[in-house]
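Notes for the structure review
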Amino acid sequence: MIIKILGTGCANCKNLEKAANLAVAELKMDAMVIKEEDITKIMSYGIMRTPAMVVDEKVLFYGRVPSVAEIKLMLAKS
Amino acid sequence: MRKYLPILLLPIWLLLYFNLKWLTDSLVYGVFNMPEGTHLTDTLWFFIFEVPKVLLLLTLIIFIVGIIRTWFSPERTRKTLEGKSLFTGNVMASLLGIVTPFCSCSAIPLFLGFIESGIPLGVTFSFLIAAPMINEVAIILLFGLFGWKTALIYVVTGLFIAITAGWIIGRLHLEKWVEDWVYTLKAGQQPEEEKLTFQDRTKRGFEAVKEIVGKVWIYVVIGIAVGAGVHGYVPQDFMASFMGKSAWYSVPLSVLIGIPLYSNAAGIIPIVSTLIEKGAALGTALAFMMAVIGLSLPEMIILRKVLKLPLIFTFIGVVGTGILIVGYLFNFIF
């Protein structure tokens, strides 16, 4: 599973990256968390608010930093 | 349980808010046993009263605004603005700028998203001016420290600037000063919007309080501490000589100082409120506040990614002129 964090480097993007890494570790998932900072690539996902989380090329959520517990729940579902 | 939390917290909030004066009095004169009328007592009283008052207001209103905002989104705003003519578009973009959730870190994707879907440059600018300038934190602080009239004046003049500045930028046809790659960009399909239950929305309200109050409380405390010091120790009418009505240069000077100063509304408004108390003219103070909040250097640097320098300067020039006019107008009226 490839998890992408979309964001141009603001504080919230870093918070989301941290939360995502924590969630993946707690779920013991076989997933790779990578950051996407290229704005043209970010726009190709059709979002207007960062940060966003993309799981296997599908946008899971955008424009907010959910809690680790909520991210775990969403990752488990997807 | 979580569901009923707001209903449980509201009476506590009301009890605190409406007994704050009494609580401060009994703390300052009773517990600390301080003499009435000295500079130190005045300063301390001001600080102990204003900090919880502003924080209480912030918490409640940001919670409510956080819930209201779940019905608005940049995606919906974009859809509403698509195909609107220049003037109507400017008015709607400015109004929506107040309620649509916006963070300056999302300014670029938002700008690109608007332009890509064909919304005119001038309309996009109206949104980008209104969204940061007329924000809920500024409105709450103005309401708390000055009263509802000043808050309303701020909103109305902010709207006026956003509408006219955006309209002028639209009429000037400055598309050539937008970075070339912007117009060749292909945005992807917009992801499906999430469906929210009312419980989700109240949860977003709590999240907004945690995020915004968590970030600005320190500025509120510092701003009010400085304000309390000025309130207690600076002589009356001290500011009148250089920020008063008679000093014609005070308005442009406040704007020039305000642009590179980067503070959020939470820190600047408590200080401005005491400057007025000490004789600064309302228009001058208003102009200073708008320049600090509405024209911030970090945001210009972010926007430089998509706008060429002449457009950035035009943007600063047009908005700055608008702020100047507002400043002089208010000094003239009041």
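Residues numbered from 1 in each chain as written. Chains lettered and ligands numbered in written order. Predicted model: local features only at pLDDT ≥ 70, side-chain atom pairs only at ≥ 80, totals over all residues. Heavy atoms only, no water.

1. Section: the sheet that holds strand E3 (residues 52-55) of chain A
Residues and elements named next belong to chain A. Here we have 4 strands laid out as an open sheet, ordered E2-E1-E3-E4, and mixed in their pairing. Looking at the sheet topology across the chains shown, the edges are occupied by strand E2 (32-36) and strand E4 (58-62). Here the average twist between neighbouring strands, direction ignored, is 25°. Two elements, E3 and E4, share 4 bridges in a ladder whose sense is antiparallel. When the sheet's bridge partners are listed, Ala52 is paired in E4 with Tyr62. Across the sheet, helix H1 (residues 11-27) touches strand E1 (2-6), E2, E3 and E4, and the angle it forms with E2 is around 170°. (Pairing = 2+ DSSP bridges. Helix = DSSP H or I, 4+ residues; strand = E, 2+ residues; numbered from the N terminus. Axes fitted to C-alpha atoms, helices over the stretch in contact; angles between N-to-C directions. Contact = heavy atoms within 4.5 Å.)

2. Notes on the environment of Ala130(B)
All names here are of chain B. Within the element layout of this structure, Ala130 appears in helix H7 (residues 121-133). With relative accessibility at 0%, the residue Ala130 sits in the buried group. Between the alpha carbons of Ala130 and Leu110 there is a distance of 14 Å; along the sequence they are 20 residues apart. Those residues in contact with Ala130 that sit more than four places away from it in its chain are Ser94, Gly97 and Ala162. (Buried < 20%, exposed > 50% of the residue type's maximum accessible area, 1.4 Å probe, protein only.)

3. Re the confidence of the model for chain B
Of the residues in chain B, 99% have a pLDDT of 70 or more, and the chain-wide mean is 88. Here helix H12 (residues 240-243) of chain B stands out as the element of chain B with the lowest mean pLDDT, 75, in contrast to helix H5 (residues 86-99) of chain B, whose mean of 94 is the highest. (pLDDT = per-residue confidence, 0-100.)

4. A few points about the interface of chain B and chain A
With 29 residues of chain B at the interface, the matching set in chain A holds 17 residues. Carbon and sulfur atoms make up 59% of the surface buried where chain B meets chain A, a total of about 1,900 Å² over both sides. Ranking the residues of chain B by area buried against chain A places Cys105(B), Pro109(B) and Pro191(B) at the top, with a combined share of 26%. Taken together, the links from chain B to chain A amount to 3 salt bridges. On inspection of chain B and its partner chain A, the count reaches 5 residue pairs in polar contact (both at pLDDT 80 or more). Going through the elements one at a time, helix H4 (74-81), helix H6 (107-116) and helix H11 (198-233) of chain B are the ones with two or more residues in the side of chain B that touches chain A. In terms of residues, the side of chain B that touches chain A owes the most to one element, H6(B), which gives 6 residues. Partitioning the side of chain B that touches chain A into residue classes produces 12 nonpolar, 6 polar and 11 charged. (Buried area = accessible area lost by both parts, 1.4 Å probe. Salt bridge = Lys/Arg side-chain N within 4 Å of Asp/Glu carboxyl O. Polar contact = N/O pair within 3.5 Å; in protein donor to acceptor, adjacent residues only side chain to side chain. Nonpolar A, V, L, I, M, F, W, Y, C, P; charged D, E, K, R; others polar.)

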